[in-house]
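# Structural features, examined
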Amino acid sequence: MSELNRCAYCRTERPANEMKSGKIIFRDRHPMTRKAIVNSKTNQYCADKPCHGHDQMAHEG
Ligand SMILES: [Zn+2]
């Protein structure tokens, strides 16, 4: 059995060798101070589709 990762954008489950990790930067609030901060996280995306770029765009604005 091969391990499947789920794309953070399109939710497709694919083998790890068809995925790539992508960093997303998004606006957030500090949990203690409630001040606006810039946060980031690393997700898994389809390596052959522009899922990473679409997800980053979805987090902007
Ligand atoms: Zn995808």
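Throughout what follows, the structure given in this document is the object of discussion. (Residues numbered from 1 in each chain as written. Predicted model: local features only at pLDDT ≥ 70, side-chain atom pairs only at ≥ 80, totals over all residues. Heavy atoms only, no water.)

## Observations regarding the coordination of the zinc ion
The reference angle at a metal is 109.5 degrees if four donors form a tetrahedron and 90 or 180 degrees if six donors form an octahedron. Rules: The rule for donors is simple: an N, O or S atom within 2.8 Å of the metal counts, and for Na, K and Ca the reach is 3.2 Å. Water is not among the atoms, so a site may look short of donors. The geometry test gives tetrahedral to four donors whose angles all lie between 85 and 135 degrees, gives square planar to four donors and octahedral to six donors whose opposite members are over 155 degrees apart with all other angles between 65 and 115, and gives irregular to the rest. Helix numbers and strand numbers start at the N terminus; a helix is a DSSP run of H or I with at least 4 residues, a strand a run of E with at least 2. Each residue's exposure class comes from its accessible area (1.4 Å probe, protein chains only) as a fraction of the maximum for that residue type: buried when under 20%, exposed when over 50%, partly exposed otherwise.
Donor atoms from the polypeptide that coordinate the zinc ion comprise C7 (SG), C10 (SG), C46 (SG) and C51 (SG), at 2.3 to 2.4 Å from the metal. Viewed at the metal, the four donor atoms of the zinc ion are separated by angles of 104 to 114 degrees, and the geometry they form is tetrahedral. Binding-site remark: the zinc ion is held by donors from one chain whose sequence spacing is C-x2-C-x35-C-x4-C. Of this pair, C10 sits in the loop between β1 (4-6) and β2 (13-15) while C46 is found in strand β4 (residues 36-46), placing the two residues 36 residues apart along the sequence. A relative accessible area of 0% places C46 in the buried class.

## Let's talk about the pairing of strand β3 (residues 19-29)
Rule in force here: For two strands to be treated as a pair, DSSP must find at least two bridges joining them.
Where β3 meets β4, eleven bridges bridge the pair, whose relative direction is antiparallel. Along β4, the bridge assignment pairs R29 with A36. Between β3 and the antiparallel strand that follows it, β4, lie six residues; R34 among them carries a positive phi value of about 65 degrees.

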